[in-house]
Amino acid sequence: MSAPSRLWDIFCAVVDNYGDIGVCWRLAVNLAQRGQRVRLWVDDAAALRWLAPQGHAGVEVCHWSRPLTSADLPVEPADVLVEAFGCTLDEAVQARWAQQQTAHPGVWLNLEYLSAEPYVERSHLLPSPVLAGPAADCVKTFFYPGFTAKTGGLLREPDLLLRQQAFDRAAWRAQWGVPANALAVSLFCYEPPALPDLLQQLQTWAEARPVHLLVTPGRALQAIMNVLPAATQQALREQGRAAHGRLVLHALPWLAQTAFDELLWASDCNWVRGEDSLVRALWAGQPFVWHIYPQHDGAHHAKLQAFLHWLDAPASLRKFHAVWNGVLPEALPQLAYNELAQWRTCVQQARERLLQQPDLAVQLLAFVEESLVSIRNQTKLPDRSEG
Ligand code: TRH
């Protein structure tokens, strides 16, 4: 049975990079695909121009000019308020939410960052009463994405598996000039210290079969440029493609999010980063290496270990991650090409485990419906859902 249609306000502050807006956009689309109406409030929508050039039916992008005043807020009250990644809501938004609770009570959620650490299971769905400010006495609920059954799960569109099955890998490769027999490696990373080692490793693999490195724009491309000779940099910049020893390098343009997914499906192994592309690499089911978002206090080390533990990663994959993420200041281990097969098995087993669990939007919808029915029963208000 599908969930009734509700109106969602999702607030997203872009801190840096593309994960905040990337996750919020995917969430908005996931909800719209399940019949929900979403207002996505974002303070910097620039990345949506390439990430989601077509937009999506059911998702309205609203400019979050900070601070919003009550005059900026739409008349129609939302049923669900999502504060993504602890972005603090403006006083006017909190005041409006508090005011509407008598006539139109709703569910306020704090959507947290993804982690495989044990605290996630303990903290998922914990209520948090607001103690001060215009929304004092309202209650927020922490919603934690995660990898296990006791968490909020991962974003997975209802049509993801069908899209993957219908995907024409050969046509994709032909379009991007990657030969069918080549090893295609995608690269989306920050500035990993072991990048020169990776290039060396790929040169070795290229002795056995052609290797094409598909470099995403922005920081990954800049990091590659920094370790290339000037002539190769120039060719890559001007032609979007350059030979580097036995390697073929491609400088990709910014892709729409759905096309970014296809890049990961078309590649034989994926170097990903942050939060959203990690999840997409899991769904792609190819061997991958994750560049975790670095935190100044080193908290990302424990986060990385927790993920590798959940993944049940083989020793070579753990070591590779430790070096790639600068946890071990060593040279990247020489990886025999056939070890990739072991990595692939590991990723595919993890993917199978994840497919057994309800996805994040399904879990959100179930929680919201249960909460709304209970709150609205307590207040004996009619339910105005459209579904
Ligand atoms: O850009 P990121 O490094 O984002 C990071 C992390 O999310 C981190 O946890 C967060 O704290 C920080 O931002 C603020 O990596 P991530 O999460 O993979 O987000 C990138 C998004 O960009 C993802 O949705 C995929 C998308 N993308 C495209 O759609 N097209 C592209 O061409 C590329 C390169 C990325």
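For the structure, see preceding data.
Residues numbered from 1 in each chain as written. Predicted model: local features only at pLDDT ≥ 70, side-chain atom pairs only at ≥ 80, totals over all residues. Heavy atoms only, no water.

(A) Geometry of the layout of surface pockets. Empty space within the largest pocket amounts to approximately 780 Å³. Along the wall of the largest pocket there are 40 residues; nearest its centre are Y18, G19, G274, E275 and D276. Mapped onto the lining of the largest pocket, the elements with two or more residues apiece are α1 (19-33), α2 (48-51), α10 (257-266), α11 (276-284) and α12 (299-311). Among the elements that make up the lining of the largest pocket, the one with the highest residue count is α1 (5 residues). Of the residues belonging to the lining of the largest pocket, the class tally is 23 nonpolar, 8 polar and 9 charged. Space inside the second largest pocket adds up to approximately 270 Å³. (1 Å grid on protein atoms, 1.4 Å probe; cavity = no way out; pocket = protein on both sides within 12 Å on 5 of 7 lines; lining within 4 Å. Points joined across faces, edges and corners; volume = space filled by probe spheres on them. Helix = DSSP H or I, 4+ residues; strand = E, 2+ residues; numbered from the N terminus. Nonpolar A, V, L, I, M, F, W, Y, C, P; charged D, E, K, R; others polar.)

(B) Fine view of the sheet that holds strand β5 (residues 107-111). Read from one edge of the open sheet, 7 strands run β3-β2-β1-β4-β5-β7-β6, paired in mixed fashion. Since the sheet does not close on itself, it has two edges, and those belong to β3 (59-63) and β6 (127-129), each with one partner. Here the strands of the sheet are splayed against their neighbours by 25 degrees on average, with no regard to which way each runs. The pairing of β5 with strand β7 (residues 139-143) spans 4 bridges and is parallel. When the bridges of β7 are listed, W108 appears paired with K140. (Pairing = 2+ DSSP bridges. Axes fitted to C-alpha atoms, helices over the stretch in contact; angles between N-to-C directions.)

(C) Focus on the site of the ligand. Near the ligand you find 23 residues, and of these Y190, L255, R273, D276 and S277 are the closest. Measuring from an oxygen atom of the ligand, one finds a side-chain N or O atom of Q257 at 2.9 Å. The contact in question runs from an oxygen atom of the ligand to an N or O atom on the side chain of R273, over 2.8 Å. When the ligand is considered free in solution it has 710 Å² of accessible area, and contact with the protein chains removes 98% of it. When atom positions are compared with the pocket grids, the ligand is found to occupy the largest pocket. Contributions of two or more residues to the shell around the ligand are made by α1, α2, α10 and α11. (Near = heavy atom within 4 Å. Polar contact = N/O pair within 3.5 Å; in protein donor to acceptor, adjacent residues only side chain to side chain. Areas by Shrake-Rupley, 256 points an atom, 1.4 Å probe, with all protein chains shown as cover. Sits in = over half its atoms within 2 Å of the grid points.)

(D) Fine view of the nonpolar core. Ranked by size, the top nonpolar core spans 75 residues in total, and within it L187, L282, F307, L311 and W324 carry the most contacts. The residues touching F307, leaving out its near neighbours within four places in the chain, are A116, F147, L278, L282, F288 and W290. Residues L27, V29, A84 and F367 belong to the second largest nonpolar core, which totals 36 residues. (Core = buried A, V, L, I, M, F, W, Y, C linked by side-chain atoms within 4.5 Å. Buried < 20%, exposed > 50% of the residue type's maximum accessible area, 1.4 Å probe, protein only. Contact = heavy atoms within 4.5 Å.)

(E) Representation of the sheet that holds strand β8 (residues 183-187) within the structure. Spatially, β10-β11-β9-β8-β12-β13 is the arrangement adopted by the 6 strands of the open sheet, whose pairing is mixed. Across the chains shown, the open sheet's two edge strands, defined by having one partner strand only, are β10 (241-244) and β13 (288-291). On average, each strand axis in the sheet is tilted by 15 degrees relative to the strand beside it, whichever way the strands run. As judged from the 3 bridges shared by β8 and strand β12 (residues 269-273), these two strands associate in the parallel manner. Bridging from a neighbouring strand, L187 pairs with W271 of β12.

(F) Geometry of the packing of helix α13 (residues 315-324) against helix α14 (residues 339-355). Two numbers describe how α13 lies on α14: the axes approach to 9 Å, and their chain directions differ by 95 degrees. Taken together, the axis directions place α13 and α14 in an arrangement best described as roughly perpendicular. Within the contact between the two elements, α13 uses S316, L317 and F320 and α14 uses E339, Q342, W343 and C346. In terms of residue class, the contact of α13 with α14 is built from 4 nonpolar, 2 polar and 1 charged. (Parallel < 35°, antiparallel > 145°, perpendicular 65-115°, else oblique.)

(G) Representation of the side chain of N325 within the structure. Note on placement: N325 falls in the loop between α13 and α14. Note on N325: relative accessible area 10%, which makes it buried. At 2.9 Å, the side chain of N325 forms a polar contact with the backbone oxygen of W290. Among residues more than four places away in sequence, those in contact with N325 are W290, H291, I292 and L304.

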